[in-house]
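Residues per chain, in single letters:
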Amino acid sequence: MPSGLAALLDDVATIAKMAAASVDDVSAAAGRASMKAAGVVVDDAAVTPGYAMGFSPQRELPIIRKIAIGSLKNKFLILLPGALLISAFAPWALTPLLMAGGAYLCFEASEKLWEKLAGHDHGETTPDELALSSGELEKKMVGSAIRTDLILSAEITAIALADLAERPLATQAAALALVGLLITVGVYGAVALIVKMDDIGLHLAERRSPAKRAVGRGLVHAMPMVLTGLATIGTAAMLWVGGGILVHGLHEYHLDLIPGVVEGLGRAAGQVAFIGPVTGWLATAAASAVVGLVVGGIIVATLHLIPRGRRAAH
């Protein structure tokens, strides 16, 4: 009996070690995949606050909660099963899907830049929206936010899956689920804090302490700049991530002219003493963003300018 108990305990210890190794493997894979998707995450966090703006302060957090629940449904009910099916039965489709998503990111960012240059406000309220009741408008905005989240989450899932392609299917599933959960909690936690920051500032501004009042006024005055800065960072992130995906896809298909130029610029910038890794990354990101801007600009011109020219000709 003692020897049998010792053997049983030894088996339990071995299983525990294997389980711990699996957890470590999933955590490490999820961490790397999350870092690869960081650019899209930044854009997700930058885009979402706009959907809660314009409503009463009491409705801001409930709206964010509804969007977060919709985001979880997107990831766990649609994207995770789809990603695993692709990984199991059509892994060859991953690179084309990534490149299509990258091109969409480039288009979205380029269209935002075009609208700014043309003087259009992408977020302005339309007459149809003004005619809706508050509840109907909230439902419309939540639905729009969840659809946008589906696109961005699909890109995050594809980027993460590409980094997990060599892993066992069970590890892929666990890592993708962990990535989806962490990113949803992180993004919508940050969004909730952003949309309530002005309320926090107003609350502090009413305190007796001069220091608290100063901090509160600073938060209130800083919020427009924070939102503008987030939008700018989000647009830049879409360009460098989308462009980087396209460059990587070209390399996968052995079309190495553009990838070679981007890699060469990054390598040259990386030779700077002491800060080489930083300058190398910045050069690579900037070169990828230029690729993204060119591709996105072509798509924007195709969808907007060419049809307009044809209508003018008629």
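It should be noted that the structure appears before, not after, this text.
Residues numbered from 1 in each chain as written. Predicted model: local features only at pLDDT ≥ 70, side-chain atom pairs only at ≥ 80, totals over all residues. Heavy atoms only, no water.

Peer 1: Please explain the overall build of the protein as it appears in this structure.
Peer 2: When helices and strands are counted, the protein shows 11 helices and zero strands. Of the regular secondary structure in the protein, the N- to C-terminal order runs α-α-α-α-α-α-α-α-α-α-α. Every one of the 314 residues in the protein was classed for burial, and the buried ones make up 35%. Taking as baseline every contact in the protein between residues at least 6 positions apart, the subset at least 24 positions apart corresponds to 77%. Put simply, the protein shows about 17900 Å² of open surface, and 70% of that area lies on carbon and sulfur atoms. (Helix = DSSP H or I, 4+ residues; strand = E, 2+ residues; numbered from the N terminus. Buried < 20%, exposed > 50% of the residue type's maximum accessible area, 1.4 Å probe, protein only. Contact = heavy atoms within 4.5 Å. Areas by Shrake-Rupley, 256 points an atom, 1.4 Å probe, with all protein chains shown as cover.)

Peer 1: Help me understand the pattern of salt bridges in this model?
Peer 2: Once the charged atoms of two side chains with opposite charge are near each other, the side chains can pair. What the rule picks out here adds up to six salt bridges. Among the ionic pairs, Lys75 bridges to Asp149, the shortest N-O distance being 3.9 Å. Here Lys75 is found in helix H4 (residues 57-89), whereas its partner Asp149 is found in helix H7 (residues 134-163), with 74 residues between them in sequence. Asp149 carries the same exposure label as Lys75, and that label is buried. Of the charged contacts, one joins Asp199 and Lys196 as a salt bridge, the two residues approaching to 2.7 Å between their closest N and O atoms. Taken together, the residues span about one helical turn, with Asp199 and Lys196 both in helix H8 (residues 169-205) at a distance of three residues. Look at Lys196 and you get buried, because its relative accessible area is 16%. Salt bridges here are not isolated pairs; linked through shared partners, they connect Arg59, Lys66 and Glu138. (Salt bridge = Lys/Arg side-chain N within 4 Å of Asp/Glu carboxyl O.)

Peer 1: Help me understand the side chain of Lys75, please; the structure alone is not making it clear to me.
Peer 2: For Lys75, a relative accessible area of 7% gives the class buried. Only 3.0 Å separates the side chain of Lys75 from the side chain of Ser153, close enough to count as a polar contact. If sequence neighbours within four positions are ignored, Lys75 has contacts with Leu80, Pro81, Asp149, Ser153, Gly180 and Thr184. (Polar contact = N/O pair within 3.5 Å; in protein donor to acceptor, adjacent residues only side chain to side chain.)

Peer 1: Help me understand the packing of aromatic side chains in this model?
Peer 2: Two descriptors summarise a pair of aromatic rings, namely the distance from one centre to the other and the angle between the planes of the rings. Applying the stated criterion to the full structure yields two aromatic pairs. Arranged with centres 6.2 Å apart and planes meeting at 55°, the rings of Tyr104 and Phe107 form a pair that is tilted. Of this pair, Tyr104 and Phe107 both sit in helix H5 (residues 94-118), separated by three residues, roughly a single helical turn. Looking at Tyr104, the relative accessible area reads 31%, which means it is partly exposed. Geometrically, the ring pair formed by Trp240 and Trp281 is edge-to-face, given 5.6 Å between the ring centres and 80° between the ring planes. (Phe/Tyr/Trp six-rings, centres within 6.5 Å; stacked < 30°, edge-to-face > 60°.)

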